[in-house]
Amino acid sequence: MSTLALNEFSAREIQAFAEDLVKRTQKNDQKKDTVQQEFSTQIKAALMTRLGIPHVRIARRLNIHRETISKYAQKNNELFNKMLQDFKGGACIPDMAQKYGVPQPLVWSVILQEKTDQERFKDLNWGLRTWDNWYFNDVDHRFGDDWPGRIPAQLVAHTLFYFTRQNDLVFDPMAGGGVVADTCLAFNRSCWSFDLLDRIKTRPEIEPFLWDPENLAWPVPAGKKPDLIFFDPPYFKKMAEHYMKGSISDFSKAKYLKFFKDLFSLMREHSKPSTRIAFLNADFRDFQGIPAFDEDPENAILLLEYAKLLENCGWKVTHLIDCPLSTERFTGNMVSKMQEKRTLGIIRRTLIIGKPNIYGRTCRP
């Protein structure tokens, strides 16, 4: 087949080809996980400051004086101005992140800083759903680390869009790979994140903290209360072997539910009347290799139980949003065997949204 010369295409065809090339390039960029690297103390301070973490906590976390953070501020403003100029000159985000030694979400935070939420969705090439089914084919690899149970940044962004406003404070109690913090950077929300694993070199914004089921405590001093608590915990018995020893994923059913009962109450105590909780979880049923008719409900934890716990602990459930897992987790061979045994698998995942019930009482002793 002969190759057509460029002058044989119409202007409209050339424009369509160029637009398609841009879209394909964007998709390819999204498939690449950001390289994990240690950032300079100056960049760590900039990242944490932009997420609204108080200077006293930044100083303690980075082992620097509070005055040093202020000294970094002017240098970082100069850095951000250089980023904006580079972007206006046609530089791409991954190249800018590499050039300046910063994480990609911080670059997005800078170049999107004057944008509305709708404009941010558009610039990130994300469709904005206006219904209660948030299905995404894949995670966006520009946000968050490769991590067990990683969720799409698009899901977090939709939660921010509908249940927060710019400059609000988001509290992430089990931050994992940092998807929530990264998305908050891109959408101009403050974010305080906590997790078991301390990764000061690559994730300074995620402060180490253990939610001890025997002695639950709030990780920060009483004071500023969050506008949104985004809670994506390890699911019961799912991928337990991939989490650190002591993860709640490997608790017994009774201990797992007791943990949430106590934590939901603690969260209620540290919320204001306008706070929203966004709790992401899935049904657990012991369905593997078993006909649906023969499943033992005593071995299951359905989403209904989490909703009941929330309401018993001072929260009023306001929305149930479907965020299904991909069907690709079941291979063709698995599907064939499931059909043969009449096994009913799970792709359902739900985001439960709640607000404080001003007439409800907490169930924590």
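Up top is the structure these notes are about.
What you are looking at is a predicted structure, and each value in this text was computed from that prediction instead of being measured.

### Considerations on the overall build of the chain
Next, step 1: Within the chain, the regular secondary structure consists of 12 helices and seven strands.
Next, step 2: Burial analysis of the chain (365 residues in total) assigns 48% to the buried set.
Next, step 3: As displayed, the chain has an accessible area near 19,400 Å², and 52% of this comes from carbon and sulfur atoms.

### Some remarks on the environment of Met334
Next, step 1: Relative to the helices and strands, Met334 is located in helix α12 (residues 332-341).
Next, step 2: Given a relative accessible area of 34%, Met334 falls into the partly exposed group.
Next, step 3: As a C-alpha pair, Met334 and Gly289 span 45 residues in sequence and 9.9 Å in three-dimensional space.

### What to know about the packing of helix α10 (residues 253-269) against helix α11 (residues 303-312)
Next, step 1: Closest axis-to-axis distance for the α10/α11 pair is 9 Å, and the angle between their directions is 35°. Taken as a pair, α10 and α11 cross one another with a handedness that is right-handed. Where α10 abuts α11, its residues Lys253, Tyr256, Leu257, Phe260, Lys261 and Phe264 lie against Glu305, Tyr306, Leu309 and Leu310.
Next, step 2: Classifying every residue of the contact of α10 with α11 by side-chain character gives seven nonpolar, no polar and three charged.

### Digging into the sheet that holds strand β4 (residues 228-231)
Next, step 1: Overall, mixed pairing links the seven strands, which are arranged β3-β2-β1-β4-β5-β7-β6 in an open sheet. In the strand order of this sheet, the two ends are held by β3 (206-208) and β6 (315-322), each with one partner. The average angle at which neighbouring strand axes cross in this sheet is 20°, direction not considered.
Next, step 2: With three bridges joining them, strand β2 (residues 190-195) and β3 adopt parallel strand pairing. The residue bridging Asp195 from the neighbouring strand is Pro208, located in β3.
Next, step 3: Along the sheet, helix α9 (residues 179-186) makes contact with β1 (169-172), β2 and β4, crossing β2 at roughly 170°.

### Focus: α9
Next, step 1: Of all eight residues that make up α9, eight are buried, and the element is covered over most of its length.
Next, step 2: Val179, Val180, Ala181, Asp182, Thr183, Cys184, Leu185 and Ala186 are the residues of α9 that are buried.
Next, step 3: Phi turns positive, to about 55°, at Asn188, one or two residues after α9.

Calculation rules
Residues numbered from 1 in each chain as written. Predicted model: local features only at pLDDT ≥ 70, side-chain atom pairs only at ≥ 80, totals over all residues. Heavy atoms only, no water. Helix = DSSP H or I, 4+ residues; strand = E, 2+ residues; numbered from the N terminus. Buried < 20%, exposed > 50% of the residue type's maximum accessible area, 1.4 Å probe, protein only. Areas by Shrake-Rupley, 256 points an atom, 1.4 Å probe, with all protein chains shown as cover. Axes fitted to C-alpha atoms, helices over the stretch in contact; angles between N-to-C directions. Left-handed = near helix turned anticlockwise from the far one by under 90°. Contact = heavy atoms within 4.5 Å. Nonpolar A, V, L, I, M, F, W, Y, C, P; charged D, E, K, R; others polar. Pairing = 2+ DSSP bridges.

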